[in-house]
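# An overview of the molecular structure
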Amino acid sequence: MAYLVFTKKGPDKPYKLGNTQIVIGRSPDCSIVIKSNQLSRKHCRIYPGPRGYVIEDLGSSNGTKINGIKITEGVTINEDDKIKLGDAEFYFTLIVETKKAKLQTQARKDY
């Protein structure tokens, strides 16, 4: 199962991605609602594509960035890709772990 994990405020919040598209934005009718004036009403969408999940900007004012690069067309997202929508930050994963748990796991491996 794939997840989009919101990391901006408080503990990480995972959103499960299924086999239908989700829309992210500040509008109450979006699949994931982020209350921020830096997001458009319907900012971007994520949907299953032939090679994995695809993210596409929906003409937002502040753009959609993957790993710091602004996208202009649909892009397949990969494990641990960082997604920035205005001031909202997410990462994409196939396994849900908080950043703290990832750091603890990595520290055990490095020890």
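So, here is what we can say about the structure in this document. Not measured: the values here are computed from a predicted model.

In this section: the sheet that holds strand 6 (residues 52–57). Overall, mixed pairing links the 5 strands, which are arranged 4-3-5-6-9 in an open sheet. Of all strands in the sheet, those bounded by a partner on one side alone are strand 4 (32–33) and strand 9 (75–76). Here strand 3 (residues 22–25) runs beside strand 5 (residues 44–49); their pairing, made up of 3 bridges, is antiparallel. Along strand 5, the bridge assignment pairs Ile22 with Ile46.

What follows covers the environment of Gly74. With respect to the helices and strands, Gly74 occurs in the loop between strand 8 (69–70) and strand 9. Spatially, the C-alpha atoms of Gly74 and Cys44 are 9.8 Å apart, while their sequence positions differ by 30 residues.

Next up on the list: the sheet that holds strand 1 (residues 2–6). If you trace the 6 strands from one edge of the open sheet to the other, you get 2-1-11-10-7-8, paired in antiparallel fashion. In the strand order of this sheet, the two ends are held by strand 2 (13–17) and strand 8, each with one partner. Looking at chain direction, strand 1 and strand 11 (residues 88–93) are connected through 4 bridges and run antiparallel. Counterpart to Tyr3 in the pairing with strand 11 is Thr93.

With that settled, consider the nonpolar core. With 22 residues, the main nonpolar core has Ile24, Ile46, Ile83 and Phe90 as its most contacted residues. Contributing elements (two or more residues each) for this core: strand 1, strand 2, strand 3, strand 5, strand 6, strand 10 (82–85) and strand 11. When near neighbours in sequence (up to four residues on either side) are disregarded, Ile24 contacts Leu4, Cys30, Ile32, Ile34, Leu39, Lys42, His43, Cys44, Ile46, Leu85 and Phe90.

Cut-off values and rules
- Residues numbered from 1 in each chain as written.
- Predicted model: local features only at pLDDT ≥ 70, side-chain atom pairs only at ≥ 80, totals over all residues.
- Heavy atoms only, no water.
- Pairing = 2+ DSSP bridges.
- Helix = DSSP H or I, 4+ residues; strand = E, 2+ residues; numbered from the N terminus.
- Core = buried A, V, L, I, M, F, W, Y, C linked by side-chain atoms within 4.5 Å.
- Buried < 20%, exposed > 50% of the residue type's maximum accessible area, 1.4 Å probe, protein only.
- Contact = heavy atoms within 4.5 Å.

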